[in-house]
Amino acid sequence: RSGKMAKSTKLIDNEVFQAYATYTAIVLLKMMLMSLITAYFRITRKAFVNPEDTASFGKGESAKKYLRTDPDVERVRRGHLNDLENIVPFVGIGLLYALSGPELSSALLHFRIFAGARILHTFAYLIPLPQPGRGLSWAVGYAVTFSMAYKVLKTVLLL
Amino acid sequence: RSGKMAKSTKLIDNEVFQAYATYTAIVLLKMMLMSLITAYFRITRKAFVNPEDTASFGKGESAKKYLRTDPDVERVRRGHLNDLENIVPFVGIGLLYALSGPELSSALLHFRIFAGARILHTFAYLIPLPQPGRGLSWAVGYAVTFSMAYKVLKTVLLL
Amino acid sequence: RSGKMAKSTKLIDNEVFQAYATYTAIVLLKMMLMSLITAYFRITRKAFVNPEDTASFGKGESAKKYLRTDPDVERVRRGHLNDLENIVPFVGIGLLYALSGPELSSALLHFRIFAGARILHTFAYLIPLPQPGRGLSWAVGYAVTFSMAYKVLKTVLLL
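All values derive from a computational prediction rather than experimental measurement. (Residues numbered from 1 in each chain as written. Chains lettered and ligands numbered in written order. Predicted model: local features only at pLDDT ≥ 70, side-chain atom pairs only at ≥ 80, totals over all residues. Heavy atoms only, no water.)

A. Local environment of the relation of the copies chain C and chain B. Mapping chain C onto chain B is achieved by rotating through 120° and translating by 0.0 Å along the same axis, at an RMSD of 0.0 Å. On this basis, the relationship between the two copies can be described by a three-fold rotation axis. In this assembly the copies use different faces: only 17% of the residues contributing to the interface of chain C also contribute to that of chain B. (Least-squares fit on C-alpha atoms with pLDDT ≥ 70 in both. Contact = heavy atoms within 4.5 Å.)

Spelled out as structure tokens, the structure:
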């Protein structure tokens, strides 16, 4: 493919960028999945937060009892927020890293480990696995993002 | 404009990218607006969370009573968090989609529907509209982002 | 450096983009730091939210008492969420702004003020400083992002 790369100046024809695009789409889709899991638990546990969401269960007190928190719903929501806190830096720093000219093998290593760690993190949170399962999967993703940030700053630093 | 596009290799001269930039700026500004609406409700409802924010209301018990949650404030905050959960994937996946070479008409369709759905979602949340108003507007934005992710992965998949 | 820029079509060789990459990496790393500070306060204050996180403190009631909220932990978490709400728009709009062809001096001014304001905001939140310290640092970052969005929309508007 390097011949094709040499002829094109388009980002999308750059293999490192293709890898970035693939793994960014995967982790963002994984994060989006958390919304569906939250909705699933809200509906099956009948635990809502907005009065208008319980209107189909009747009026007054009969509906009001479904305005409550549920441990399973809250657990998914914490996992979702943890995704936001960690996947946002990956997407932003990962883009800069992909543009900073890393080796394809090195880039793939970063992206694969990050995506794997975040998928493990979700399982560790939702099953839940005993600690340090969730802690370690979080730390691995964090370290990968930090490593990419280091490469970016080493390459481009302009303060 | 295609003549201009053919001569330039700059992203910003690509019409699909211009459309992406326009709608990304719009939905991010809309999300930023949620901070101002939260501040407005905190001040008018006198409902704060940080002790230092109520210092101007006096000391001790007279200020402490303003450290409370208010349903309107919490509603705006939920809308803001929902924006983060949905607009972050749009911005990330939308960028990759814009670079994956879609037709301008197809890209505009995606971006316009997403922006419209998220603006409707905010109105549905804050008024609030009866369900399934908010649910549907959420689902439309979600589906648009999913459709763009599908196009990205079909174009660039490099695992 | 302009000679080098003229020869290269790579984003990463553009000085405005280098400045964007530098400050984006800095503010995202700063945001990531909030996770470590949260973990630090959770451990030193012994205030956890997931039952599996307290398993090392024993079983049953002896561990259950550590499932509680702590004001310091909640304060860091609010600062972290505020970072997400403000740094996400900066990263997204800042990228479009960097590609819209601003003067390097003007771009550096925007990026430096934003990064400085967000670092001040974190100190103002965590110390905490009396208001309007935190409010002003928030407003400055908000205004910088708004100014970049204005430049983007003036340059690329394609609805």
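Let's pick the thread back up.
B. Layout of the packing of aromatic side chains. By the definition in use, this model includes 30 aromatic pairs over all chains. Seen from their ring centres, Tyr23(C) and Phe111(C) are 6.4 Å apart, and the 40° between their planes marks the pair as tilted. One end of the pair, Tyr23(C), is in helix α2 (residues 15–44); the other, Phe111(C), is in helix α5 (residues 104–126), and 88 residues separate them in sequence. Relative accessible area serves as the criterion here: at 7%, Tyr23(C) is assigned to the buried category. Using a relative accessible area of 0% as the deciding quantity, one classes Phe111(C) as buried. In textbook terms, an aromatic cluster arises when at least three aromatic residues are bridged by ring pairs, as seen for Phe17(A), Tyr20(A), Tyr23(A), Phe90(A), Tyr97(A), Phe111(A) and Phe114(A). Over the face of the ring belonging to Tyr125(A) we find Arg134(A), whose NZ or CZ atom lies 4.4 Å from the ring centre. (Phe/Tyr/Trp six-rings, centres within 6.5 Å; stacked < 30°, edge-to-face > 60°. Helix = DSSP H or I, 4+ residues; strand = E, 2+ residues; numbered from the N terminus. Buried < 20%, exposed > 50% of the residue type's maximum accessible area, 1.4 Å probe, protein only. Lys NZ or Arg CZ within 6 Å of the ring centre and 35° of its normal.)

C. Structural context of the interface of chain A and chain B. Counting residues at the interface gives 36 residues for chain A and 30 residues for chain B. For the pair chain A and chain B, the summed buried area comes to about 2,700 Å², and 73% of that belongs to carbon and sulfur atoms. For the chain A face of the interface with chain B, the top three residues by lost area are Ile12(A), Met32(A) and Glu52(A), together amounting to 22%. Counting across the chain A and chain B interface gives three salt bridges. When the shortest N-O distance is used, the salt bridge between Arg134(B) and Asp53(A) registers 2.9 Å. Summed over the shared surface of chain A and chain B, the result is nine residue pairs in polar contact (both at pLDDT 80 or more). Looking at the side of chain A that touches chain B, the elements that each hand over two or more residues are α2 (15–44), α4 (71–99) and α5 (104–126) of chain A. Looking at which element gives the most residues to the side of chain A that touches chain B, the answer is α2(A), with 18 residues. For the side of chain A that touches chain B, the residue count by class is 23 nonpolar, seven polar and six charged. (Buried area = accessible area lost by both parts, 1.4 Å probe. Salt bridge = Lys/Arg side-chain N within 4 Å of Asp/Glu carboxyl O. Polar contact = N/O pair within 3.5 Å; in protein donor to acceptor, adjacent residues only side chain to side chain. Nonpolar A, V, L, I, M, F, W, Y, C, P; charged D, E, K, R; others polar.)

D. Main features of the relation of the copies chain A and chain B. In screw terms, the move from chain A to chain B is a rotation of 120° and a rise of 0.0 Å along the axis, fitting with an RMSD of 0.0 Å. When the interface residues of chain A are mapped onto chain B, a mere 14% of them again lie at the interface, so each copy presents a different face.

None of this, on its own, says anything about what the molecule does.
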